[in-house]
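Working through the structure, step by step
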Amino acid sequence: MTASTPRSAIQTTRWLAVGSLIGLIAVGLAWEMVVAPLRPGGSWWALKVLPLALPLAGLLKNRMYTYRWVSLLVWLYFTEGVVRATSGEAGASTLMAVLQTALCLVLFVACAMHVRIRLKAAGKEAVAADAAAAAAAAEARVQPAAPRNPEALP
């Protein structure tokens, strides 16, 4: 594996994650406002896409922490898609539910692969540096505070 291979794989998974997240936002809005709203004229369920808008900036900034928690958040939308796809609703609603479910799977796989590739590319040195930093932080918490100088008190 060359040095450019992880870099291109990281970019690919990054754009897959961003694209599927934007797709989930668009599907959620279209589903609840136009295609198959729960009530005629749209419903307040369109607000369900607001939590999906929060991680968009973190994914665009390539923040590892965002990829990790988005891979957990996406399962809420996956569950909704599966439940609504199998609930016996009308054809358009079922189609949107299946589309949402597929986008959730793409987003999860893209986030998981992105994190895995970046950690592997960081190598053992980065893992050792993280362990050393954690050990230093733990040691700093354990060390007692320096004794106060009684002569400096008024």
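Above this text sits the structure in question.
An account of the accompanying structure is given in this report. (Residues numbered from 1 in each chain as written. Predicted model: local features only at pLDDT ≥ 70, side-chain atom pairs only at ≥ 80, totals over all residues. Heavy atoms only, no water.)

**So, the nonpolar core**
- Grouped together as the largest cluster of nonpolar side chains are 25 residues, with contacts concentrated most on Ala-17, Leu-24, Leu-52, Leu-59, Tyr-67, Leu-107 and Cys-111.
- The element contributing the most residues to this core is helix α4 (residues 91-142), with eight residues.
- Beyond its immediate sequence surroundings of up to four residues, Cys-111 is in contact with Ala-17, Tyr-67, Val-70 and Ser-71. (Core = buried A, V, L, I, M, F, W, Y, C linked by side-chain atoms within 4.5 Å. Buried < 20%, exposed > 50% of the residue type's maximum accessible area, 1.4 Å probe, protein only. Helix = DSSP H or I, 4+ residues; strand = E, 2+ residues; numbered from the N terminus. Contact = heavy atoms within 4.5 Å.)

**Details of helix α2 (residues 50-60)**
- For α2, the complete set of buried residues consists of Leu-52, Pro-55, Gly-58 and Leu-59. Taken down its axis, α2 places every buried residue within 110 degrees of arc, on the same side. When the buried face of α2 is taken as reference, the exposed residues oriented beyond 90 degrees from it are Leu-50 and Leu-54.
- Looking at the residues trailing α2, positive phi occurs at Asn-62, about 65 degrees. (Arc of directions from axis to C-beta.)

**What to know about the packing of α2 against helix α3 (residues 64-85)**
- Taken N-terminus to C-terminus, the directions of α2 and α3 make an angle of 155 degrees; their axes are 10 Å apart at the nearest point. With respect to each other, α2 and α3 are oriented roughly antiparallel. Regarding α2 and α3, the two cross each other, and that crossing is left-handed. Every residue of α3 that contacts α2 at Pro-51, Leu-52, Pro-55, Gly-58 and Leu-59 is listed here: Thr-66, Tyr-67, Trp-69, Val-70, Leu-73 and Tyr-77.
- Grouping the amino acids of the contact of α2 with α3 by side-chain chemistry returns nine nonpolar, two polar and no charged. (Axes fitted to C-alpha atoms, helices over the stretch in contact; angles between N-to-C directions. Parallel < 35°, antiparallel > 145°, perpendicular 65-115°, else oblique. Left-handed = near helix turned anticlockwise from the far one by under 90°. Nonpolar A, V, L, I, M, F, W, Y, C, P; charged D, E, K, R; others polar.)

**A closer look at the side chain of Ser-20**
- Summarising the element assignment, Ser-20 is placed in helix α1 (residues 4-35).
- A distance of 2.9 Å separates a polar side-chain atom of Ser-20 from the backbone oxygen of Leu-16. (Polar contact = N/O pair within 3.5 Å; in protein donor to acceptor, adjacent residues only side chain to side chain.)

**Considerations on a nonpolar patch on the surface**
- Nonpolar side chains collect at one region of the surface, where Leu-29, Met-33, Val-34 and Val-35 lie side by side and expose about 340 Å² of accessible area between them.
- Looking at where Met-33 falls in the secondary structure, it is placed in helix α1. (Patch = residues over 30% accessible without salt bridge, like charges linked within 9 Å, V, L, I, M, F, W, Y side chains within 5 Å. Areas by Shrake-Rupley, 256 points an atom, 1.4 Å probe, with all protein chains shown as cover. Salt bridge = Lys/Arg side-chain N within 4 Å of Asp/Glu carboxyl O.)

**Observations concerning unusual backbone geometry**
- Positive phi, normally seen in glycine, also occurs at Asn-62, with a value near 65 degrees.
- The residue Asn-62 is located in the loop between α2 and α3 in this model.

**Description of the packing of aromatic side chains**
- Applying the stated rule across the entire model yields two aromatic pairs.
- Ring centres of Trp-75 and Phe-78 lie 5.0 Å apart, and the angle between their planes is 80 degrees; on these two criteria the pair is classed as edge-to-face. Taken together, the positions of Trp-75 and Phe-78, both in helix α3 and three residues apart, correspond to about one turn of that helix.
- Trp-75 gets classed as partly exposed once you look at its relative accessible area, which sits at 33%. (Phe/Tyr/Trp six-rings, centres within 6.5 Å; stacked < 30°, edge-to-face > 60°.)

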